[in-house]
Amino acid sequence: MRNEPVPTITELNLYVDDDALELVPRREAMRLQILPMQLQGGCLICAMVDPNDILKLDELRRLTGKDIKPARADLRVIDRGIQRFYGERDDLETGAGLMEPGLVVEADARMGPMLGRGEDAPAVALVNELLETAIMSRASDIHFESGATKLQVRLRVDGVLFDHQSYPMDLHASVLSRLKIMAGMDIGEHRLPQDGRFDARLRGKVFDIRASSVPATFGETAVLRLLPKTATGLRLPELGFSAEHSGQMEEHIVNRPHGMIFATGPTGSGKTTTLYAILSSLDRVGRNVVTIEDPVEYQLTRATQIQVHEKIGLTFAAGLRHILRQDPDILMVGEIRDLESLRMAIQSALTGHLVLTTVHCNDAASGAARLVDMGAEPFLVASAATSFISQRLVRRICPECRTEDKPKPDALETLGLQDDGASYYRGRGCDHCRGTGYYGRTAVFEIMMVNDIISSAIVRRESSGEIRRLARSIGMEGLREDAVRKAREGQTTLEEIVRGVWVEED
């Protein structure tokens with residue numbers, strides 16, 4: 001049996017009936033970039049840019065309960081069809097044509113009206129729709145990647161990149177220009193990397209959007225990072241701290257009036273979020289809390305938050321000098337980047353302040369060695385530091401489709417585990433998790449408290465391996481142990497632990 005040719009839809013032969021529109025809500029049509037056209041028996045004819053997009057066809061079948069017959073259409077035709085036919089339907093049903101308030105973007109006055117006009121309208125609608133979809137999908141990043149024949153858009157959800165949609169390259173220039181205008185970047189500069197930012201508000205939530213563009217082989221690529229601006233509900237147990245770790249934090253860290261707490265790990269491992277959770281656990285009513293960050297990722301009540309602005313000389317070191325004149329009780333330094341900042345932070349901790357900060361290294365034991373390598377005196381590090389917290393993020397198993405699972409031998413071997421009959425779990429995949437089996441992320445931790453043994457090792461300039469051996473000998477639980485325990489509790493999978501490529505060597 002021969003496959004029927006895929007018809008091509010233009011504005012001249014575009015016809016849509018109400019029965020088809022009823023099957024796909026407007027929001028889903030915009031997210032999927034499709035236009036439901038006609039219902040013929042048990043088959044729904046849909047216009048789409050790529051009729052061979054199997055994932056999108058499967059999602060439409062699940063959404064509508066109908067077989068899908070795709071038709072090929074240009075994105076502009078689909079966009080205009082959605083605006084026209086869903087708009088007419090909304091007018092008839094509401095009598096006013098008023099839609100639910102959607103995305104609101106707040107940026108530099110130079111960006112112009114959000115709705116756009118004329119030739120820019122498709123790019124404006126596309127960028128707005130992608131931002132809204134990303135926020136609704138819990139994405140942390142949107143990637144706009146230029147290729148030889150198409151503009152590929154990918155979303156990072158729960159730390160993993162997924163293909164979202166591809167668009168014709170004739171949209172590339174207008175989409176990148178729109179992003180630059182929104183972020184206050186120079187739309188005439190295509191040869192150099194640029195950075196910018198803007199705010200977006202959706203359903204009462206405010207996001208700080210960080211934009212970055214770089215020149216590439218087939219044209220500029222851009223990445224938007226979505227940072228929620230509220231720290232409401234940040235609590236240590238909710239981040240993944242075990243009862244034992246929470247007890248350590250409460251007894252030895254949160255209740256300490258002075259000293260330095262270091263959160264360690266690679267970029268994107270949730271270090272700053274952990275520091276905010278610690279701040280949220282502290283009594284801030286009778287204390288002066290000041291933070292200096294780049295960027296300010298969350299808004300925290302009863303705290304003075306300062307944004308680094310290196311172009312005007314407001315660096316971490318310069319900010320710290322002035323913060324200390326503000327009579328602070330608690331300081332949070334977003335990142336230790338240079339020796340001057342490190343020395344000032346250590347001096348603050350030694351003179352009665354509680355200092356929270358981050359440093360890039362692989363594990364807790366490497367944190368102390370990293371500070372000495374930066375040029376700090378070992379005895380000062382040993383005197384000031386109270387704890388090093390190392391962490392990684394792993395995806396949570398979807399609670400809607402979690403099922404018991406037999407552990408795979410290769411995963412057990414990689415993690416150095418025996419098949420002792422313990423129960424493990426996985427997600428089967430459902431609509432709630434979009435078929436991935438995962439929903440959200442949690443953190444795995446190791447906490448190294450700086451006691452007399454660790455302090456002496458730091459002063460002796462011991463290697464990170466020796467410091468780690470000493471910490472393990474006095475009871476420190478490593479990242480791997482915490483991760484495996486969470487797998488046995490049904491929070492994550494062994495495969496997700498292996499995927500992180502951070503399993504430490506004993």
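Residues numbered from 1 in each chain as written. Predicted model: local features only at pLDDT ≥ 70, side-chain atom pairs only at ≥ 80, totals over all residues. Heavy atoms only, no water.

### Overview of the overall build of the protein
The line we're drawing: Helix numbers and strand numbers start at the N terminus; a helix is a DSSP run of H or I with at least 4 residues, a strand a run of E with at least 2. Note on exposure labels: buried denotes an accessible area under 20% of the residue type's maximum, exposed denotes more than 50%, and partly exposed covers the range between, all computed with a 1.4 Å probe on protein chains only. Here a residue-residue contact requires only that any non-hydrogen atoms of the pair lie within 4.5 Å. Values of accessible area rely on a 1.4 Å probe in the Shrake-Rupley scheme; residue burial ignores everything except the protein chains shown.
Within the protein, the secondary structure is distributed over 18 helices and 20 strands. The buried share among the 506 residues of the protein stands at 50%. Long-range pairs, those at least 24 residues apart, make up 64% of the contacts in the protein between residues at least 6 apart in sequence. When the accessible area of the protein is evaluated, it comes to approximately 24200 Å², of which 49% is carbon and sulfur surface.

### Description of the sheet that holds strand β3 (residues 43-48)
Selection criterion: A pair of strands is labelled paired if DSSP reports no fewer than 2 bridges between them. Every angle, taken between N-to-C directions, lies between 0 and 180 degrees, and every axis is a line fitted to C-alpha atoms, over only the stretch in contact when it is a helix.
If you walk across this open sheet you meet the 4 strands as β1-β4-β3-β2, and the pairing is mixed. If you trace the sheet from one side to the other, it starts and ends with β1 (8-9) and β2 (34-40), each paired once. One ladder, built from 2 bridges, connects β1 with strand β4 (residues 67-73); its direction is parallel. Paired with T8 across the bridge in β4 is R72. Packed on one face of the sheet, helix α3 (residues 54-64) meets β2, β3 and β4 and runs near 130° to β4.

### Digging into unusual backbone geometry
Glycine aside, negative phi is the norm for most residues, and most peptide bonds take the trans geometry. At Q33, a position not held by glycine, the phi torsion is positive, near 55°. Mapped onto the fold, Q33 is located in the loop between α2 (26-32) and β2. Here Q33 falls in the buried class, since its relative accessible area comes to 5%. For R461, which is not a glycine, the phi torsion comes out positive at approximately 60°. Looking at the element boundaries, R461 is found in the loop between α15 (452-459) and α16 (464-473).

### Some details on helix α17 (residues 479-488)
Within α17, 7 of the 10 residues are buried, leaving the element largely enclosed by the surrounding structure. The set of residues buried in α17 consists of L479, R480, D482, A483, V484, K486 and A487.

### Here we look at the nonpolar core
To keep things clear, this is the line we draw: Take the buried Ala, Val, Leu, Ile, Met, Phe, Trp, Tyr and Cys residues and link them wherever side-chain atoms come within 4.5 Å; each set so joined is a nonpolar core.
Counting residues in hydrophobic clusters, the biggest one holds 58 residues, and the most contacted among them are L35, I142, F144, V175 and L224. The biggest single contributor to this core is helix α5 (residues 121-136), with 7 residues. Residues within four places of L35 in sequence aside, it is in contact with L14, V16, I45, C46, A47, I78, G81, I82 and Y86. By size, the runner-up hydrophobic cluster in this structure holds 39 residues, among which are F316, A364, A385 and I458.

### Remarks on the environment of R461
Among the residues examined, R461 registers a relative accessible area of 54% and is labelled exposed. Here the alpha-carbon distance between R461 and F379, two residues 82 residues apart in the chain, equals 9.4 Å. Here R461 is in contact with V372 and P378, once residues within four sequence places are set aside.

### Digging into α3
The condition is simple: Within this analysis, the arc is defined by the directions that extend from the helix axis to the C-beta atoms.
Within α3, the full set of buried residues consists of K56, L57, L60 and T64. Looking straight down α3, one finds that the buried residues subtend no more than 100° of arc, so they occupy a single side. Of the exposed residues in α3, those oriented more than 90 degrees away from the buried face are I54, L55 and R62. Where α3 is buried, its residues contact α1 (18-23), α2, β2, β3, β4 and β8 (160-168). Immediately downstream of α3, the backbone of G65 shows phi near 75°, a positive value.

### Topic: the packing of helix α10 (residues 316-323) against helix α11 (residues 339-350)
Counted only if it meets this: The scheme is simple: roughly parallel for angles under 35 degrees, roughly antiparallel for over 145, roughly perpendicular for 65 to 115, oblique for anything else. Less than a right angle of anticlockwise turn of the near helix away from the far helix marks a crossing as left-handed, whereas a clockwise turn marks it as right-handed. Throughout this entry, Asp, Glu, Lys and Arg are counted as charged residues, while Ala, Val, Leu, Ile, Met, Phe, Trp, Tyr, Cys and Pro are counted as nonpolar. The remaining residues, Gly among them, count as polar.
Here α10 crosses α11 at 25°, and the two axes come no closer than 8 Å. Regarding the angle of α10 to α11, the classification is roughly parallel. Here α10 runs over α11; the crossing is left-handed. Residues F316, A317, L320 and R321 of α10 form the contact with α11, whose participating residues are E340, S341, M344 and A345. The residue makeup of the contact of α10 with α11, split by class, is 5 nonpolar, 1 polar and 2 charged.

### What about the packing of α15 against α16?
Direction vectors running N to C along α15 and α16 enclose 170°, while the axes themselves pass 10 Å from each other. Of the possible angle classes, the one that applies to α15 and α16 is roughly antiparallel. Mapping the contact onto sequence places I453, I454, A457 and I458 in α15 and I467, L470 and A471 in α16. Within the contact of α15 with α16, the residues separate by chemical class into 7 nonpolar, no polar and no charged.

### Concerning the sheet that holds strand β17 (residues 385-397)
In sheet architecture, strand pairing relies on hydrogen bonds along the backbone and comes in two forms, parallel and antiparallel. Pairing within the open sheet is mixed, and its 7 strands lie in the order β14-β13-β15-β16-β12-β17-β20. Edge positions in the open sheet fall to β14 (304-307) and β20 (438-449), since each of these has one partner strand only. When strand polarity is set aside, the average angle formed by the axes of neighbouring strands in this sheet is 20°.

### Describing the packing of aromatic side chains
In this description, a pair of aromatic rings is defined by centroid distance and the angle of the planes. This is how it is decided: Two rings from Phe, Tyr or Trp (for Trp, the six-membered ring) form a pair when their centres are within 6.5 Å of each other. A pair whose planes differ by under 30 degrees is stacked, one over 60 is edge-to-face, and the rest are tilted.
Considering all chains together, one arrives at 3 aromatic pairs under this definition. Taking the centre distance of 4.9 Å and the plane angle of 10° together, the rings of F262 and F388 count as stacked. Here F262 is found in strand β12 (residues 259-264), whereas its partner F388 is found in strand β17, with 126 residues between them in sequence. Taken as a pair, F262 and F388 share a single burial class, namely buried. Residues Y276 and Y298 carry aromatic rings whose centres are separated by 5.0 Å and whose planes lie at 75° to one another, so their mutual orientation is edge-to-face. Residue Y276 is found in helix α9 (residues 271-281), and its partner Y298 is found in the loop between β13 (289-293) and β14; the two are separated by 22 residues along the sequence. In this pair, the class of Y276 matches that of Y298, namely buried.

### Some points on the environment of A317
Structurally, A317 is set in helix α10. Taking the C-alpha atoms as reference, A317 lies 9.4 Å from R343; in sequence the two are 26 residues apart. Setting aside residues up to four positions removed in sequence, A317 forms contacts with D338, E340, S341 and M344.

### Brief notes about the confidence of the model for the protein
Our working rule: The pLDDT value tells you how sure the predictor is about a given residue, anywhere from 0 up to 100.
Averaged over every residue, the pLDDT of the protein is 84; residues scoring 70 or more account for 89%. Of all secondary-structure elements in the protein, the lowest mean pLDDT belongs to strand β5 (residues 104-106), at 66, while α15 reaches the highest, 96. Considering only residues more than four positions removed or in separate chains, one finds that residues 90-101, a stretch of pLDDT under 50, has 9 contacts. Under a pLDDT of 50 for its full length, residues 108-119 has, in the predicted model, 15 contacts with residues more than four places off or in other chains.

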